[in-house]
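An overview of the molecular structure
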Amino acid sequence: RATREADLHDDPVARLQAAQFKVRELACYARADRVICVSKPDAEQLLGDRPGIEVEIVPLAHECVDPGPGFEDRSGVCFVGNFVHPPNQDALEWWCRDIAPLLASKLAERLVVVGNDPRGWAASHASGAVEVIGWVSSTLPWLAAARVSVAPLRYGAGMKGKVGEAMAAGLPVVGTPIAFEGIDVVDGRDALVAETPSEIVDAVVRLHTDPELWERLSVNGRVFISENLSVDNMQRAVNSIWNPATAPRRQLAGVRNS
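Residues numbered from 1 in each chain as written. Predicted model: local features only at pLDDT ≥ 70, side-chain atom pairs only at ≥ 80, totals over all residues. Heavy atoms only, no water.

In summary, soluble globular proteins display a tendency toward joint burial of nonpolar side chains. Core analysis: the largest hydrophobic core is formed by 57 residues, its most contacted members being Trp-95, Leu-111, Val-150, Val-174 and Val-204. Sorting elements by how many residues they give to this core places helix H4 (residues 86-104) first, with seven residues. The contact partners of Val-174, leaving out residues within four places of it in the chain, are Val-148, Ser-149, Val-150, Ala-151, Leu-192, Ala-194, Ile-200, Ala-203, Val-204 and Leu-207. Residues Cys-37, Ala-43, Leu-47 and Val-55 belong to the second largest nonpolar core, which totals nine residues. (Core = buried A, V, L, I, M, F, W, Y, C linked by side-chain atoms within 4.5 Å. Buried < 20%, exposed > 50% of the residue type's maximum accessible area, 1.4 Å probe, protein only. Helix = DSSP H or I, 4+ residues; strand = E, 2+ residues; numbered from the N terminus. Contact = heavy atoms within 4.5 Å.)

Turning our eyes to something else, we now look at H4. For H4, spanning 19 residues, the distance from its first C-alpha to its last is 26 Å, which sits close to the expected 27 Å at 1.5 Å a residue. Within the sequence span of H4, burial applies to Pro-87, Asn-88, Gln-89, Asp-90, Ala-91, Leu-92, Trp-94, Trp-95, Ile-99, Ala-100 and Leu-103. The inward-facing, buried residues of H4 abut helix H1 (2-9), strand S3 (77-80), strand S4 (111-114), strand S6 (148-151), helix H6 (161-168) and helix H7 (197-209). (Expected span 1.5 Å × (residues − 1).)

Looking now at the sheet that holds strand S8 (residues 192-193). Here six strands make up an open sheet; going across it, the order is S5-S4-S3-S6-S7-S8 and the pairing parallel. What marks the edges here is a single partner per strand, and that holds for strand S5 (130-134) and S8. By the bridge criterion, two bridges tie S3 to S6 in an arrangement that is parallel. Residue Cys-78 lies in a different strand from S6, and its bridge partner there is Ser-149. (Pairing = 2+ DSSP bridges.)

The side-chain alternation of S5 yields one buried face, formed by Val-130, Val-132 and Gly-134, and one unburied face, formed by Glu-131 and Ile-133. Two strands pair when backbone bridges link them, and S4 and S5 are joined in this way by four bridges, in the parallel orientation. Bridge pairing links Val-112 to Glu-131 in S5.

Of note, His-125 is situated in the loop between S4 and S5. Within the local environment of His-125, its side chain forms a polar contact with the backbone oxygen of Trp-121, the two atoms lying 3.0 Å apart. Apart from the residues within four sequence positions on either side, His-125 is in contact with Leu-92, Glu-93, Cys-96 and Val-130. (Polar contact = N/O pair within 3.5 Å; in protein donor to acceptor, adjacent residues only side chain to side chain.)

Turning our eyes to something else, we now look at the pattern of salt bridges. Inspection of every chain in the model, using the stated rule, returns 12 salt bridges. With its nearest N and O atoms 3.2 Å apart, the salt bridge here joins Lys-22 to Asp-49. Placement of the pair is Lys-22 in helix H2 (residues 12-30) and Asp-49 in helix H3 (residues 40-49), with a sequence separation of 27 residues. As a salt-bridge pair, Glu-44 and Lys-40 come within 3.7 Å of each other at their nearest N and O atoms. (Salt bridge = Lys/Arg side-chain N within 4 Å of Asp/Glu carboxyl O.)

In helix packing, the relevant descriptors are the interaxial angle and the interaxial distance, both defined with respect to the helix axes. Where H7 meets helix H8 (residues 211-228), the closest approach of the two axes is 5 Å, and the angle between their N-to-C directions is 100°. With respect to their mutual orientation, H7 and H8 come out roughly perpendicular. In contact with Arg-206, Leu-207 and Thr-209 of H7, H8 contributes Pro-211, Leu-213, Trp-214 and Leu-217. Grouping the amino acids of the contact of H7 with H8 by side-chain chemistry returns five nonpolar, one polar and one charged. (Axes fitted to C-alpha atoms, helices over the stretch in contact; angles between N-to-C directions. Parallel < 35°, antiparallel > 145°, perpendicular 65-115°, else oblique. Nonpolar A, V, L, I, M, F, W, Y, C, P; charged D, E, K, R; others polar.)

As C-alpha coordinates, this is what we get:
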(Lines give C-alpha, C1' and ligand atoms only; values in the text may rest on other atoms or scores of the structure.)
Protein backbone atom coordinates (compact mmCIF):
# COMPACT_ATOMS: atom_id res chain seq x y z
CA ARG A 1 0.00 0.00 0.00
CA ALA A 2 2.76 2.44 0.98
CA THR A 3 4.73 1.69 -2.17
CA ARG A 4 1.70 2.29 -4.37
CA GLU A 5 1.05 5.60 -2.61
CA ALA A 6 4.65 6.68 -3.15
CA ASP A 7 4.50 5.71 -6.82
CA LEU A 8 1.18 7.52 -7.32
CA HIS A 9 2.62 10.77 -6.00
CA ASP A 10 6.15 10.13 -7.34
CA ASP A 11 7.51 10.74 -3.85
CA PRO A 12 11.09 9.43 -3.43
CA VAL A 13 11.10 9.96 0.34
CA ALA A 14 7.86 8.00 0.75
CA ARG A 15 9.23 5.32 -1.58
CA LEU A 16 12.31 4.89 0.65
CA GLN A 17 10.13 4.74 3.77
CA ALA A 18 7.94 2.09 2.13
CA ALA A 19 11.00 0.01 1.27
CA GLN A 20 12.24 0.22 4.87
CA PHE A 21 8.83 -0.74 6.20
CA LYS A 22 8.71 -3.70 3.80
CA VAL A 23 11.98 -5.06 5.18
CA ARG A 24 10.66 -4.91 8.75
CA GLU A 25 7.31 -6.39 7.81
CA LEU A 26 8.77 -9.33 5.88
CA ALA A 27 11.10 -10.04 8.81
CA CYS A 28 8.04 -10.39 11.04
CA TYR A 29 6.37 -12.76 8.60
CA ALA A 30 9.49 -14.93 8.46
CA ARG A 31 9.24 -15.50 12.23
CA ALA A 32 5.58 -16.61 12.06
CA ASP A 33 4.32 -20.17 11.72
CA ARG A 34 1.71 -18.98 9.23
CA VAL A 35 0.70 -15.71 7.63
CA ILE A 36 -2.98 -15.10 6.99
CA CYS A 37 -3.96 -12.89 4.05
CA VAL A 38 -7.44 -11.80 3.01
CA SER A 39 -6.89 -12.27 -0.73
CA LYS A 40 -4.94 -14.32 -3.23
CA PRO A 41 -3.13 -11.25 -4.70
CA ASP A 42 -1.85 -10.37 -1.23
CA ALA A 43 -0.68 -13.93 -0.65
CA GLU A 44 1.08 -14.13 -4.00
CA GLN A 45 2.81 -10.81 -3.33
CA LEU A 46 4.14 -12.08 0.00
CA LEU A 47 5.33 -15.35 -1.50
CA GLY A 48 7.11 -13.45 -4.25
CA ASP A 49 8.86 -11.29 -1.68
CA ARG A 50 9.56 -14.05 0.84
CA PRO A 51 9.48 -17.55 -0.76
CA GLY A 52 9.04 -20.35 1.70
CA ILE A 53 6.74 -18.72 4.21
CA GLU A 54 3.48 -20.55 4.85
CA VAL A 55 0.55 -18.45 3.71
CA GLU A 56 -3.18 -19.00 4.18
CA ILE A 57 -6.10 -17.07 2.74
CA VAL A 58 -9.08 -16.14 4.89
CA PRO A 59 -11.31 -13.81 2.88
CA LEU A 60 -13.51 -11.10 4.31
CA ALA A 61 -17.06 -12.25 4.96
CA HIS A 62 -20.39 -10.52 4.45
CA GLU A 63 -23.94 -11.48 5.30
CA CYS A 64 -26.36 -10.78 2.46
CA VAL A 65 -29.17 -8.57 3.73
CA ASP A 66 -32.56 -7.55 2.41
CA PRO A 67 -31.83 -5.55 -0.76
CA GLY A 68 -34.34 -2.89 0.26
CA PRO A 69 -35.99 -0.43 -2.14
CA GLY A 70 -35.87 -0.89 -5.88
CA PHE A 71 -34.40 1.34 -8.56
CA GLU A 72 -37.17 3.94 -8.66
CA ASP A 73 -37.09 4.56 -4.91
CA ARG A 74 -33.37 5.33 -4.74
CA SER A 75 -31.15 8.21 -5.76
CA GLY A 76 -27.64 9.49 -5.38
CA VAL A 77 -24.16 8.12 -4.95
CA CYS A 78 -22.68 6.75 -1.71
CA PHE A 79 -19.03 6.44 -0.67
CA VAL A 80 -18.37 4.52 2.55
CA GLY A 81 -14.99 4.65 4.22
CA ASN A 82 -12.82 5.34 7.23
CA PHE A 83 -11.45 8.81 6.60
CA VAL A 84 -8.46 8.42 8.87
CA HIS A 85 -7.22 5.93 6.23
CA PRO A 86 -5.06 7.69 3.58
CA PRO A 87 -6.38 5.76 0.53
CA ASN A 88 -9.92 6.92 1.36
CA GLN A 89 -8.73 10.49 1.83
CA ASP A 90 -7.02 10.40 -1.55
CA ALA A 91 -10.15 8.92 -3.15
CA LEU A 92 -12.38 11.67 -1.81
CA GLU A 93 -9.94 14.38 -2.91
CA TRP A 94 -9.78 12.81 -6.37
CA TRP A 95 -13.57 12.68 -6.53
CA CYS A 96 -13.99 16.33 -5.54
CA ARG A 97 -11.25 17.56 -7.85
CA ASP A 98 -11.61 15.45 -11.00
CA ILE A 99 -14.83 13.42 -10.90
CA ALA A 100 -17.53 15.60 -9.35
CA PRO A 101 -17.26 18.38 -11.97
CA LEU A 102 -17.66 15.85 -14.79
CA LEU A 103 -20.58 14.18 -13.06
CA ALA A 104 -22.34 17.51 -12.45
CA SER A 105 -22.36 18.17 -16.19
CA LYS A 106 -24.31 14.96 -16.80
CA LEU A 107 -26.23 14.13 -13.63
CA ALA A 108 -27.63 16.24 -10.79
CA GLU A 109 -26.78 13.82 -7.98
CA ARG A 110 -24.69 14.41 -4.86
CA LEU A 111 -22.06 12.17 -3.37
CA VAL A 112 -23.03 11.12 0.17
CA VAL A 113 -19.94 10.29 2.24
CA VAL A 114 -20.48 7.93 5.16
CA GLY A 115 -17.91 6.73 7.68
CA ASN A 116 -15.54 7.42 10.53
CA ASP A 117 -14.22 11.00 10.40
CA PRO A 118 -13.00 11.90 13.92
CA ARG A 119 -10.67 14.65 12.72
CA GLY A 120 -13.23 16.28 10.45
CA TRP A 121 -11.09 15.65 7.38
CA ALA A 122 -13.98 14.46 5.19
CA ALA A 123 -16.28 17.15 6.60
CA SER A 124 -13.90 19.81 5.28
CA HIS A 125 -14.75 18.59 1.75
CA ALA A 126 -18.51 19.10 2.10
CA SER A 127 -20.08 21.20 -0.62
CA GLY A 128 -23.20 21.44 -2.74
CA ALA A 129 -22.00 18.33 -4.56
CA VAL A 130 -20.76 16.40 -1.49
CA GLU A 131 -22.70 15.66 1.70
CA VAL A 132 -20.64 14.28 4.58
CA ILE A 133 -22.51 12.21 7.18
CA GLY A 134 -19.59 11.01 9.30
CA TRP A 135 -19.65 8.05 11.65
CA VAL A 136 -22.86 5.99 11.77
CA SER A 137 -23.82 2.94 13.82
CA SER A 138 -24.93 1.17 10.65
CA THR A 139 -24.33 1.97 6.99
CA LEU A 140 -27.42 0.04 5.87
CA PRO A 141 -29.84 3.01 5.78
CA TRP A 142 -27.49 4.86 3.43
CA LEU A 143 -26.84 1.79 1.30
CA ALA A 144 -30.61 1.30 1.02
CA ALA A 145 -31.17 4.92 -0.04
CA ALA A 146 -28.41 5.25 -2.67
CA ARG A 147 -28.67 4.13 -6.27
CA VAL A 148 -24.92 3.59 -6.66
CA SER A 149 -21.98 2.85 -4.37
CA VAL A 150 -18.61 4.14 -5.51
CA ALA A 151 -15.09 3.10 -4.51
CA PRO A 152 -12.79 5.52 -6.37
CA LEU A 153 -9.57 4.19 -4.87
CA ARG A 154 -6.30 4.99 -6.61
CA TYR A 155 -4.13 2.89 -4.30
CA GLY A 156 -4.54 0.42 -1.46
CA ALA A 157 -4.11 -3.24 -0.69
CA GLY A 158 -6.09 -6.15 0.65
CA MET A 159 -9.78 -6.74 0.12
CA LYS A 160 -12.08 -3.72 0.35
CA GLY A 161 -14.88 -4.20 2.85
CA LYS A 162 -16.88 -1.27 1.46
CA VAL A 163 -17.23 -3.12 -1.86
CA GLY A 164 -18.41 -6.42 -0.41
CA GLU A 165 -20.75 -4.67 2.03
CA ALA A 166 -22.53 -2.75 -0.74
CA MET A 167 -22.83 -5.81 -2.97
CA ALA A 168 -24.22 -7.86 -0.07
CA ALA A 169 -26.88 -5.18 0.38
CA GLY A 170 -27.88 -5.29 -3.28
CA LEU A 171 -26.37 -1.90 -4.09
CA PRO A 172 -24.48 -1.86 -7.42
CA VAL A 173 -20.86 -0.77 -7.15
CA VAL A 174 -18.70 1.33 -9.44
CA GLY A 175 -15.06 0.91 -8.49
CA THR A 176 -11.51 1.10 -9.76
CA PRO A 177 -9.41 -2.02 -10.39
CA ILE A 178 -7.73 -1.36 -7.01
CA ALA A 179 -11.15 -1.34 -5.32
CA PHE A 180 -11.94 -4.79 -6.71
CA GLU A 181 -8.50 -6.29 -6.10
CA GLY A 182 -8.95 -9.76 -4.62
CA ILE A 183 -12.67 -9.69 -5.50
CA ASP A 184 -12.92 -11.39 -8.88
CA VAL A 185 -16.04 -9.67 -10.18
CA VAL A 186 -16.94 -9.75 -13.85
CA ASP A 187 -17.31 -6.23 -15.19
CA GLY A 188 -20.89 -5.65 -16.33
CA ARG A 189 -22.19 -8.76 -14.61
CA ASP A 190 -21.40 -8.29 -10.92
CA ALA A 191 -20.29 -4.65 -10.81
CA LEU A 192 -18.84 -1.92 -13.04
CA VAL A 193 -15.07 -1.49 -13.13
CA ALA A 194 -13.82 1.96 -14.18
CA GLU A 195 -10.39 3.55 -13.95
CA THR A 196 -10.43 7.15 -15.19
CA PRO A 197 -12.69 9.98 -14.04
CA SER A 198 -14.64 9.89 -17.30
CA GLU A 199 -15.08 6.11 -17.07
CA ILE A 200 -16.31 6.41 -13.48
CA VAL A 201 -18.78 9.14 -14.42
CA ASP A 202 -20.06 7.15 -17.40
CA ALA A 203 -20.59 4.08 -15.18
CA VAL A 204 -22.45 6.11 -12.53
CA VAL A 205 -24.67 7.67 -15.19
CA ARG A 206 -25.42 4.27 -16.71
CA LEU A 207 -26.57 2.90 -13.37
CA HIS A 208 -28.73 5.96 -12.78
CA THR A 209 -30.45 5.72 -16.14
CA ASP A 210 -30.64 1.98 -16.93
CA PRO A 211 -33.04 0.10 -14.61
CA GLU A 212 -32.29 -3.27 -16.24
CA LEU A 213 -28.54 -2.89 -15.71
CA TRP A 214 -29.13 -1.73 -12.14
CA GLU A 215 -31.34 -4.72 -11.34
CA ARG A 216 -28.90 -7.18 -12.91
CA LEU A 217 -25.97 -5.89 -10.89
CA SER A 218 -28.07 -5.71 -7.72
CA VAL A 219 -29.05 -9.38 -8.01
CA ASN A 220 -25.71 -10.67 -9.28
CA GLY A 221 -23.74 -8.77 -6.67
CA ARG A 222 -25.59 -10.53 -3.87
CA VAL A 223 -25.13 -13.89 -5.61
CA PHE A 224 -21.40 -13.22 -5.93
CA ILE A 225 -21.08 -12.47 -2.22
CA SER A 226 -23.11 -15.53 -1.27
CA GLU A 227 -20.94 -17.80 -3.41
CA ASN A 228 -17.53 -16.28 -2.71
CA LEU A 229 -17.43 -14.07 0.39
CA SER A 230 -19.99 -15.59 2.72
CA VAL A 231 -19.53 -16.32 6.41
CA ASP A 232 -19.53 -20.03 5.52
CA ASN A 233 -16.58 -19.47 3.18
CA MET A 234 -14.67 -17.74 5.95
CA GLN A 235 -15.52 -20.52 8.40
CA ARG A 236 -14.21 -23.16 6.01
CA ALA A 237 -10.98 -21.21 5.58
CA VAL A 238 -10.53 -20.87 9.34
CA ASN A 239 -11.29 -24.57 9.86
CA SER A 240 -8.62 -25.49 7.31
CA ILE A 241 -6.05 -23.63 9.39
CA TRP A 242 -6.98 -25.01 12.80
CA ASN A 243 -7.89 -28.53 11.63
CA PRO A 244 -5.45 -29.29 8.80
CA ALA A 245 -5.85 -33.06 9.17
CA THR A 246 -9.63 -33.04 8.74
CA ALA A 247 -10.29 -30.05 6.48
CA PRO A 248 -9.20 -30.66 2.85
CA ARG A 249 -7.61 -27.84 0.93
CA ARG A 250 -5.95 -27.36 -2.42
CA GLN A 251 -2.69 -25.78 -3.52
CA LEU A 252 -2.94 -22.57 -5.55
CA ALA A 253 0.43 -21.42 -6.83
CA GLY A 254 2.03 -21.99 -3.44
CA VAL A 255 -0.91 -20.50 -1.57
CA ARG A 256 -3.15 -22.65 0.56
CA ASN A 257 -6.79 -21.67 0.22
CA SER A 258 -9.93 -23.49 1.31
